[in-house]
Amino acid sequence: MSDAPTQSAPAAPGSGDPGSGAGAPPGAPEAPIPTPSVPQGKSVVRPGDRIFTTLAKGSAIFISVLIAAIGIFLVWRAVPALQRNQVNFLTSRDWYTTDINAMAFGVLDLLQVTVLVSLFALVLAMPVALGIAVFLTQYAPSKVARPLAYAIDLLAAVPSIVYGLWGLLVFAPAIKPLAVWLNENLGWFFLFSDGSGSIQGGGTIFTAGIVLAVMILPIITAVTREVFSQTPVSHIEAALALGATKWEVVKTTVLPFGKSGYISGSMLGLGRALGETMALYMILRTTSQAATWSLFDGGSTIASKIALGYAEFNNDIQAGAYIAAGLVLFVLTFVVNAAARAAVAGKKD
């Protein structure tokens, strides 16, 4: 018997053959998994994205329509009174609306007092808010920063009428010596010259502006603090690696990064100051004398004047005079917001 060479039969192609599909020749690649075809240039929009986009657009349109409706309402109600006005509304300092057949009212004094007290409050609040925000985010330990931040935020929860009572009964008598000293020693400067208000009584723009600064401080501080806390850690570490001191780190990284937020927060505070009513209504003493751009003037802001004349709102023509003043305040807030956006856009790198 002779030994014959053994030959193995070729393996049948099957699923066990790696790199080949069932029934395919050896070495053939696997067929790709089919995917749904999407037309070129179009993206798949999920239902959730579509719903969110619709809600966002609807909210934006609703707010725009609401603001436009408020403006139209103010104009519509103000026109009949303006047609009866016997003086120039924008340049007159008079305010006589008792006789609807002989009305003479102007917004110049009200606008002047509103702008002066708001700017004075903003000048006082901005540097204090900046210092607090820098301290809380860069210097204070967390066990100190958190309670202090909460305490400052709580100032925003105090009602306006409480600030008014405090300013009138407590703060005005306490600040009177400083007001008298400024008037006697710096009276040559127009801001501290004799005004239409009583320095001894305390019902002046000087007192009201300081109280208003305390009221808008939490808004500016909160916005600025949040922006400063978002400064990239890599920027801070890079400055420290180059040997910068703590103040140099703040000056070269934190302040440039957060300046737009700081300006935005300040403009929010200014908008709050322009519309403040009850506190200024209680502190400022009304006067028939013209405003002189002195911090020791009395008078009324636009908002406090509207609150003061609430008893005349039973007549549409008399109410229209106050609505016309409200229209000026409405436009003023738009101007302030536009200026803030322009300032922020101009400071972007």
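Per chain, residues are indexed from 1 in the order of the written sequence. In keeping with the predicted nature of the model, local features appear solely for residues at pLDDT of at least 70, side-chain atom pairs appear and are counted solely at 80 or more, and the whole-chain, interface and lining totals rest on all residues. Hydrogens and water are ignored here; the side-chain numbers use all heavy atoms of the structure.

1. Some remarks on the overall build of the chain
Then comes step 1: Helix and strand labels come from DSSP, where a helix needs a run of H or I of at least four residues and a strand needs a run of E of at least two; each type is numbered from the N terminus. Across its full length, the chain holds 10 helices and 2 strands.
Then comes step 2: Helices and strands appear in the chain in the N-to-C order α-β-β-α-α-α-α-α-α-α-α-α.
Then comes step 3: When accessible area is computed with a 1.4 Å probe and restricted to protein chains, residues below 20% of their type maximum are described as buried, those above 50% as exposed, and intermediate ones as partly exposed. Within the span of the chain, comprising 349 residues, buried residues form 38% of the whole.
Then comes step 4: Residues count as neighbours in contact if any of their non-hydrogen atoms are within 4.5 Å of one another. In the chain, of all internal contacts separated by at least 6 residues, the share reaching a separation of at least 24 is 72%.
Then comes step 5: Accessible surface, the chain: about 20400 Å² in total, of which carbon and sulfur atoms supply 66%. Only the protein chains shown count as cover for residues, and all accessible areas are computed by the Shrake-Rupley method using a 1.4 Å probe.

2. Details of the packing of aromatic side chains
A ring pair, where both rings are aromatic, is described by two values, the distance of the centres and the angle of the planes.
Then comes step 1: Pairing of aromatic side chains here covers Phe, Tyr and the six-membered ring of Trp, requires ring centres within 6.5 Å, and sorts the geometry by plane angle: under 30 degrees stacked, over 60 edge-to-face, intermediate tilted. Throughout the structure, instances matching the rule amount to 13 aromatic pairs.
Then comes step 2: For the ring pair Phe330 and Phe334, a centre distance of 5.1 Å and an interplane angle of 65° mean the geometry is edge-to-face. Note that Phe330 and Phe334 are positioned in helix H10 (residues 316-346) at a spacing of 4 residues, about one turn of the helix.
Then comes step 3: Pairwise contacts between aromatic rings join Phe89, Trp95, Phe105, Tyr310, Phe313 and Tyr322 into one cluster.

3. Notes on helix H4 (residues 160-185)
Then comes step 1: Between the first and last residue of a helix there are one fewer steps than residues, each counted as 1.5 Å, and that sum is the expected span. Between its terminal C-alpha atoms H4 stretches only 33 Å, short of the 38 Å expected from 26 residues at 1.5 Å a residue.
Then comes step 2: One fitted axis covers the seven residues ending at a residue, a second covers the seven starting there, and the bend at that residue is the angle between these axes. Bending of H4 peaks at approximately 50° at the position of Phe171, with proline Pro173 no more than four residues after it.

4. What to know about helix H5 (residues 205-229)
Each full turn of the α-helix corresponds to 3.6 residues, which orients residues three or four apart in the same direction.
Then comes step 1: Taking 1.5 Å per residue, 25 residues should reach 36 Å; H5 reaches 35 Å between its end C-alpha atoms and fits that length.
Then comes step 2: A bend of about 40° at Ile216 is the largest found in H5, and the proline Pro218 appears one to four places after it.
Then comes step 3: Counted residue by residue, H5 has 18 buried out of 25 residues, so it is predominantly covered.

5. Thoughts on a nonpolar patch on the surface
Then comes step 1: Here a patch means residues that are over 30% exposed by relative accessible area and free of salt bridges, tied together within 9 Å if like-charged and within 5 Å if nonpolar (Val, Leu, Ile, Met, Phe, Trp, Tyr). Salt-bridge detection follows one rule: a side-chain nitrogen of Lys or Arg within 4 Å of a carboxyl oxygen of Asp or Glu. Among the surface-exposed residues, Ile161, Val162, Leu165, Trp166, Leu169, Val170, Met278, Tyr281 and Leu308 lie close enough to one another that they form a single nonpolar patch of about 780 Å² accessible area.
Then comes step 2: For the nonpolar patch, the elements supplying multiple residues, two or more each, are H4 and helix H8 (278-283).
Then comes step 3: No other element matches the 6 residues that H4 contributes to the nonpolar patch.
Then comes step 4: If you trace the backbone, Trp166 turns up in helix H4.
Then comes step 5: Trp166 sits in the partly exposed class, given a relative accessible area of 32%.

6. Regarding the environment of Val331
Then comes step 1: Relative to the assigned elements, Val331 resides in helix H10.
Then comes step 2: Distance in space between the C-alpha atoms of Val331 and Gly71 is 8.8 Å, their sequence separation being 260 residues.

7. Describing the side chain of Thr301
Then comes step 1: Here Thr301 is to be found in the loop between H8 and helix H9 (302-308).
Then comes step 2: Residue class for Thr301 comes out buried when judged on its relative accessible area of 1%.
Then comes step 3: Once residues lying within four places of it in the same chain are set aside, the contact partners of Thr301 are Leu110, Val113, Thr114, Val117, Glu276, Leu280 and Leu284.

8. As for unusual backbone geometry
With glycine set apart, most residues show a phi of negative sign, and most peptide bonds adopt trans.
Then comes step 1: For Trp293, which is not glycine, the phi dihedral falls at a positive 65°.
Then comes step 2: Secondary-structure assignment places Trp293 in the loop between H8 and H9.

9. Some words on the pattern of salt bridges
Then comes step 1: Here the structure, examined in full by the defined rule, presents 4 salt bridges.
Then comes step 2: A salt bridge links Asp153 to Arg225; its shortest N-O distance comes to 3.2 Å. With Asp153 in helix H3 (residues 142-154) and Arg225 in helix H5, this pair connects stretches of sequence that are 72 residues apart.
Then comes step 3: Here Glu276 ties to Arg272 by a salt bridge, and the two come within 2.4 Å at their closest N and O atoms.

10. Quick notes on the packing of H4 against H5
Then comes step 1: Packing of H4 against H5 leaves a shortest axis separation of 8 Å and a crossing angle of 130°. Compared by their axis directions, H4 and H5 come out oblique. Here H4 runs over H5; the crossing is right-handed. On the side of H4, the interface is formed by Ser160, Tyr163, Trp166, Gly167, Phe171, Ala172, Ile175, Leu178, Ala179 and Leu182, while H5 contributes Phe206, Thr207, Ile210, Val211, Val214 and Met215.
Then comes step 2: All amino acids are sorted into three groups, where Ala, Val, Leu, Ile, Met, Phe, Trp, Tyr, Cys and Pro are nonpolar, Asp, Glu, Lys and Arg are charged, and the leftover types, Gly among them, are polar. Across the contact of H4 with H5, the residue classes tally to 13 nonpolar, 3 polar and no charged. In this analysis an axis means a line fitted to C-alpha atoms, helices contributing only their contacting stretch, and an angle means the value between N-to-C directions, from 0 to 180 degrees. Roughly parallel covers angles under 35 degrees, roughly antiparallel covers those over 145, roughly perpendicular covers 65 to 115, and oblique covers all other angles. Helix crossings are classified by the rotation of the near helix relative to the far one: an anticlockwise turn of less than a right angle makes the crossing left-handed, while a clockwise turn makes it right-handed.

11. So, the confidence of the model for the chain
Then comes step 1: pLDDT measures how confident the predictor is about each residue, on a scale from 0 to 100. Confidence along the chain averages 85 in pLDDT terms, with 87% of residues attaining 70 or more.
Then comes step 2: Below a pLDDT of 50 lies the segment residues 1-22, which in the model reaches 11 contacts outside its immediate sequence neighbourhood of four places, other chains included.

12. Quick notes on the environment of Leu148
Then comes step 1: Within the secondary structure, Leu148 sits in helix H3.
Then comes step 2: Linking Leu148 and Leu136, residues 12 residues apart in sequence, is a C-alpha distance of 8.0 Å.
Then comes step 3: In this structure, Leu148 is in contact with Phe135 and Leu136, ignoring residues within four places of it in sequence.

13. Quick look at the packing of H5 against helix H7 (residues 246-274)
In a pair of packed helices, the angle between the axes and the distance between the axes together describe the arrangement.
Then comes step 1: Two numbers describe how H5 lies on H7: the axes approach to 8 Å, and their chain directions differ by 150°. As the angle between them shows, H5 and H7 are arranged roughly antiparallel. Between H5 and H7 lies a crossing whose hand is right-handed. Along the contact surface, H5 presents Leu212, Met215, Ile216, Ile219, Ile220, Val223, Thr224, Val227 and Phe228, while H7 presents Val254, Leu255, Phe257, Gly258, Gly261, Tyr262, Gly265, Ser266, Leu268, Gly269, Arg272 and Ala273.
Then comes step 2: The residue makeup of the contact of H5 with H7, split by class, is 14 nonpolar, 6 polar and 1 charged.

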